[in-house]
Amino acid sequence: MSTIHPRRRRAFAVAGAFAAATLVLGACTNNSGGDDDTSDAISKSNTDNDKSGEKVVIGFSAPAADHGWMGSITKSATTQAEQYDDIELKVAEGTNDVNLQISQVETFINDKVDAIVLLPFDGAAMTSVARKAMDAGIVVVNVDREFNSPFAARTTVLGDNYGMGVSAGTFVCDDAAGKTGLKVAEIAGIDSLPLTQDRSQGFSDALKACGLKVDNRVAAEFTVESGEKAASNLLQAAPKIDYLWNHDDDQGVGVLAAINNAGRDEFTMIGGAGSADVMEAIKADNSVLKATVVYPSTQAADGVKLARLLVQGKSLSDLAEIEVPRMLKLAAPIVTKENVDTYLPSAFRS
Amino acid sequence: MTSLQDPSLSVPAPPKGDRGGSIGLARNLGLVIALVILCIVGVATAGDRFASSDNVLTILRLAAVVGVISIGMTFVITGGGIDLSVGAILALASVWATTTGTQAMAGDVHWIIMVFSAILVGAACGTINGLLIAYGRIVPFIATLAMLASARGLAEIIADRKTQIIRDQGFLDFFGAEPIGIPVIVIIFALVVAAGWFLLNRTTFGRRTFAVGGNPEAARLAGIKVQRHTVYLYALLGTTCGIAAVMLMSRTTTGSSTHGTLIELDAIAAVVIGGTLLSGGRGTVVGTLFGVLIFTTLTNVFTLNNLSTSAQAVAKGVIIVIAVLLQQRIANRKT
C-alpha cells in the first residue's frame with residue numbers, strides 16, 4: 001500500500017490549508033461591534049410581571065442566521081432571556097433544514113422543557129412536531145411563520161406582512177399625489193413563503209387604491225447576494241422606474257449595490273424590515289432610499305417574554321383580559337426622514 | 001458486521017468470496033472510536049438526557065432521511081461516480097407525491113399511491129442521470145449538477161413555490177407509527193441498510209459495482225456491461241431519494257421544493273468519512289452507516305449542550321478531517 005503515501009501527504013496538506021483558511025476567515029469576519037444596538041431597545045416590562053417567579057425552561061429554535069434580521073431574532077431572544085433570572089433559555093442550532101429543526105423540537109420534548117419558542121423555517125412543515133409538543137403539555141409560542149393548525153401553538157406572534165405591503169403602497173400613493181402612469185417596481189423576498197405573498201398582495205392592493213400597479217416584479221432570497229442578482233436583472237428589464245419597493249433591507253444591501261453599479265437614481269426606493277443602515281441612509285437623505293417599513297426583529301424576544309408569562313400563569317398587565325392572547329400581530333409602520341429617530345434605536349444591523 | 005470484504009483487495013479485479021473480518025473491522029475501528037468518543041462526550045455533558053431511549057430515537061429519526069440517501073450514494077461513489085442532485089430529486093419527489101392531483105388519487109384509491117409516485121419520480125430522475133452519464137458521456141459532476149438545477153426548478157413550478165400539506169391521515173398514521181417502540185421510518189432505514197449491505201457484499205451486482213468503480217476498462221474487458229451498470233447505480237440512488245422523500249413527507253406532513261436543500265453534502269460527507277473512496281472501487285455500507293450516525297450524534301450532542309451554530313459548523317469540518325485521517329492511518333497500518 002505504498003501508493004497511498006503521497007495521497008496521505010496531500011490529505012495532510014489540504015487539511016492544513018483548510019485550518020489556515022479557517023483562521024484567516026475567522027479573523028476577518030469577526031465584527032462584534034454594531035450588533036449590540038438592538039439590545040438597547042430590549043428591556044424588562046417595568047411592571048409587576050418582572051418579579052422573579054418560578055423557573056421557566058424555554059427551548060428556542062429559529063432558521064439559520066443567514067441575514068441580519070434573522071441574526072437579530074436569535075440575538076434579541078437571548079438578550080431578552082438574560083434579563084430575567086427565572087428564565088433558562090436553551091438555544092438550538094439555527095437551521096434551514098426542516099428535518100433537523102424537527103429533531104431539535106423533539107429534543108426539547110425529551111428534555112421536558114416548559115415552553116418552546118419556535119420560528120419555523122417552514123410553518124407547515126413544523127406543525128406536526130409542534131402539535132406533539134403541545135400534546136406533551138409544553139407551551140408552544142409560534143413566531144413569524146405561522147403553523148397551519150391552531151392546535152400547534154398556544155400563542156402566535158406575527159409581523160404584519162400584508163400591512164407592510166399596505167404601508168409601502170400607501171407611501172407611494174401619498175408621494176405620487178394623484179399622478180398616474182408612474183412605473184412601480186417590486187423586489188420580493190423568498191417567493192415560496194406565505195409572508196412574501198402577503199406582502200406583495202398588500203402592496204398591490206394599496207397601489208390599486210390610487211390607480212397604480214406593479215409593473216416589474218422580481219424575487220430574491222433575503223440575502224445580499226440574491227438582492228444584487230435580482231436587482232441587476234430588474235434594472236436591466238426596466239429602463240425607467242419611479243418607485244421601487246424592496247421587501248427586505250438585508251437583501252437591500254445588494255439591491256443598492258446593483259443600483260449604484262447601474263448608475264440609476266431616477267426613482268424613489270422604499271425598504272422593508274427596517275435595518276439600522278437603511279434608517280441611517282434615510283436620515284442622511286442623500287440616496288434613493290426615502291423610506292422603509294418596519295418588521296420587528298424583536299418578535300422572538302416577545303415570544304420569550306410571552307412564554308415566561310404563560311408558564312408562570314401571569315397575564316399581560318396592560319390588558320383587562322386574564323389570559324395571554326392567542327395571537328399578537330405587530331404593527332408595520334412606515335419610517336421616513338420625519339420619524340426615523342423613533343425607530344432607529346430598535347433597528348437591527350444587516 | 002465483521003464479515004465485510006476489504007474492497008482495497010477488489011481493485012482492479014472483482015473480488016471473489018469473503019475476504020474476511022479483521023481487516024474490515026480495522027477499517028471501521030476509527031469510526032467506532034469516533035462514535036464512542038462522541039457518546040462519551042454526550043453522556044459526560046448531558047447525562048441521562050443523552051442516554052435516554054427517547055433521545056436515541058430522536059437521533060435515529062434524524063439519521064433516517066439522510067441515511068437512506070447515503071446508502072444509495074455509497075453505491076454510486078463506489079461505482080466511480082458522484083451525484084449532486086439527490087436533494088433536488090428528494091424535493092421533486094416530495095412535491096410530485098403531494099400535489100392535489102396525486103392526493104386526490106390517493107384519496108380515491110389508497111395512500112400507497114403517494115409512496116409509489118415519490119419512489120417512481122426518484123427512480124426516473126436517477127435513471128435520467130445514469131443515461132446522461134453512461135450513454136451521453138457527460139461527466140457525473142456536470143450531469144447531476146444539471147439535474148440539481150432542473151429538478152428543483154421543476155419542483156418549484158409544480159408546487160408554485162408553496163408548501164403542499166398532506167391531508168391523507170392514513171399515510172401520516174402509518175409512517176408516524178411506532179410499532180414495538182421503534183418509529184416506522186427508523187425501521188425502513190434499517191431495512192435499507194440491510195438490503196444495501198447484502199446487495200453490495202453478497203451479490204454479483206455488488207461485485208460488478210466494485211469492478212466498474214475500480215477500473216471501468218478492466219471491467220468492460222471482463223465482460224461487464226459498464227454503461228448499463230452505471231445506469232442501474234444512479235437509478236438505485238434515485239430510488240433511495242424517493243424513499244427519503246416519503247420519510248421527510250411523513251416527518252414534515254408536507255411536500256416542498258425547499259426540502260432536502262444541501263442534503264447532498266451531508267450524504268457525500270457521510271459516505272466519505274465512512275471509508276468509501278471518492279475515486280471509486282472501494283466502498284462500505286457499514287462505514288456509511290457509521291458516518292451518518294457520527295454526524296447526527298454530533299448534531300444531537302451540540303443541540304443538547306446549547307452550542308452555537310458557528311461552533312457546530314467548525315466542529316463538523318474538523319471531525320470530517322480527523323475521522324478520515326484516523327481511519328486512513330488504521331487501515332494502512334493493518335494492510
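Residues numbered from 1 in each chain as written. Chains lettered and ligands numbered in written order. Predicted model: local features only at pLDDT ≥ 70, side-chain atom pairs only at ≥ 80, totals over all residues. Heavy atoms only, no water.

### A closer look at the overall build of chain B
Looking only at helices and strands, chain B has 15 helices and two strands in total. Out of the 335 residues in chain B, the part that is buried amounts to 55%. Of all intrachain contacts in chain B linking residues separated by at least 6 positions in sequence, the fraction that spans at least 24 positions is 77%. (Helix = DSSP H or I, 4+ residues; strand = E, 2+ residues; numbered from the N terminus. Buried < 20%, exposed > 50% of the residue type's maximum accessible area, 1.4 Å probe, protein only. Contact = heavy atoms within 4.5 Å.)

### Some details on the pattern of salt bridges
In this structure the tally under the stated criterion is 24 salt bridges over all chains. Among the ionic pairs, Glu323(A) bridges to Arg154(A), the shortest N-O distance being 3.5 Å. Of this pair, Glu323(A) sits in the loop between helix 11 (299–312) and strand 11 (327–330) while Arg154(A) sits in the loop between strand 4 (139–143) and strand 5 (155–159), placing them 169 residues apart in sequence. Where Lys290(A) meets Asp285(A), a salt bridge forms, and the shortest distance between an N and an O atom there is 2.9 Å. For Lys290(A), a relative accessible area of 30% translates into the label partly exposed. Here the salt bridges share partners, and the residues they tie into one network are Glu106(A), Lys132(A), Arg61(B), Glu178(B) and Arg251(B). (Salt bridge = Lys/Arg side-chain N within 4 Å of Asp/Glu carboxyl O.)

### Description of the state of the cysteines
Residues and elements named next belong to chain A. For the structure on display, the rule yields one disulfide over all chains. Between the sulfur atoms of Cys173 and its disulfide partner Cys210 the distance amounts to 2.0 Å. Around the S-S axis, the bridge from Cys173 to Cys210 shows a dihedral of about -70 degrees and counts as left-handed. Note that Cys173 is positioned in helix 6 (residues 161–176) and Cys210 in the loop between helix 7 (194–208) and strand 7 (214–219), a separation of 37 residues in sequence. (Disulfide = S-S within 2.5 Å.)

### Regarding a nonpolar patch on the surface
Residue and element names in this part refer to chain B. Residues Ile128, Leu132, Ile138, Val139, Phe141, Ile142 and Leu145 make up a contiguous nonpolar surface patch of roughly 570 Å² in combined accessible area. Those elements that place two or more of their residues in the nonpolar patch are helix 6 (112–134) and helix 7 (140–159). Element by element, the count of residues in the nonpolar patch is highest for helix 7, at three residues. Positionally, Phe141 belongs in helix 7. (Patch = residues over 30% accessible without salt bridge, like charges linked within 9 Å, V, L, I, M, F, W, Y side chains within 5 Å. Areas by Shrake-Rupley, 256 points an atom, 1.4 Å probe, with all protein chains shown as cover.)

### Notes on the sheet that holds strand 7 of chain A
Residue and element names in this part refer to chain A. The strand order 7-6-8-9-10-12 describes an open sheet built from six strands, whose pairing is mixed. Each having just a single partner strand, strand 7 and strand 12 (334–335) make up the two edges of the open sheet. For strand 6 (residues 184–188) and strand 8 (residues 243–246), the ladder comprises four bridges, and the chain directions are parallel. The partner of Ile187 across the bridge, within strand 8, is Asn246. Contacts from helix 10 (residues 276–284) reach strand 10 (289–294) and strand 12 within the one sheet, and its direction differs from that of strand 10 by about 140 degrees. (Pairing = 2+ DSSP bridges. Axes fitted to C-alpha atoms, helices over the stretch in contact; angles between N-to-C directions.)

### Topic: the side chain of Thr209(B)
Residues and elements named next belong to chain B. If you trace the backbone, Thr209 turns up in helix 10 (residues 204–214). Taking the relative accessible area as the measure of exposure, Thr209 reaches 0% and is therefore buried. Apart from residues lying up to four places away in sequence, Thr209 is in contact with Phe75, Thr78, Gly79, Leu200, His229 and Leu233.

### Looking at the packing of aromatic side chains
All names here are of chain B. Scanning the entire structure with this criterion turns up eight aromatic pairs over all chains. Seen from their ring centres, Phe75 and Phe205 are 6.3 Å apart, and the 45 degrees between their planes marks the pair as tilted. Here Phe75, found in helix 3 (residues 53–78), pairs with Phe205, found in helix 10; they are 130 residues apart in sequence, far enough to count as distant. Here Trp111 and Phe174 contribute two aromatic rings whose centre-to-centre distance is 4.9 Å and whose plane-to-plane angle is 35 degrees, an arrangement assigned as tilted. With Trp111 in the loop between helix 5 (100–108) and helix 6 and Phe174 in helix 8 (residues 169–176), the pair connects residues that are 63 residues apart, well separated along the chain. Overall, the relative accessible area of 42% leaves Phe174 in the partly exposed class. Taken together through their ring pairs, the aromatic side chains of Trp111, Phe171, Phe174 and Phe175 make up a single cluster. (Phe/Tyr/Trp six-rings, centres within 6.5 Å; stacked < 30°, edge-to-face > 60°.)

### A few points about the domain arrangement of chain A
All names here are of chain A. Here the domain parsing of chain A yields domain 1 (37–153 + 297–329) and domain 2 (161–294). At the junction of the two partners, domain 1 supplies seven residues and domain 2 supplies six residues. Summed over both partners, the interface of domain 1 with domain 2 comes to about 570 Å²; 59% of that surface belongs to carbon and sulfur atoms. Among the residues domain 1 hides against domain 2, the three largest losses belong to His67, Trp69 and Arg145. Together they make up 58% of the total. On the surface where domain 1 and domain 2 come into contact, there are zero salt bridges. Our count for the domain 1 to domain 2 interface comes out at two residue pairs in polar contact (both at pLDDT 80 or more). Partitioning the side of domain 1 that touches domain 2 into residue classes produces two nonpolar, two polar and three charged. (Domains from an automatic or database assignment. Buried area = accessible area lost by both parts, 1.4 Å probe. Polar contact = N/O pair within 3.5 Å; in protein donor to acceptor, adjacent residues only side chain to side chain. Nonpolar A, V, L, I, M, F, W, Y, C, P; charged D, E, K, R; others polar.)

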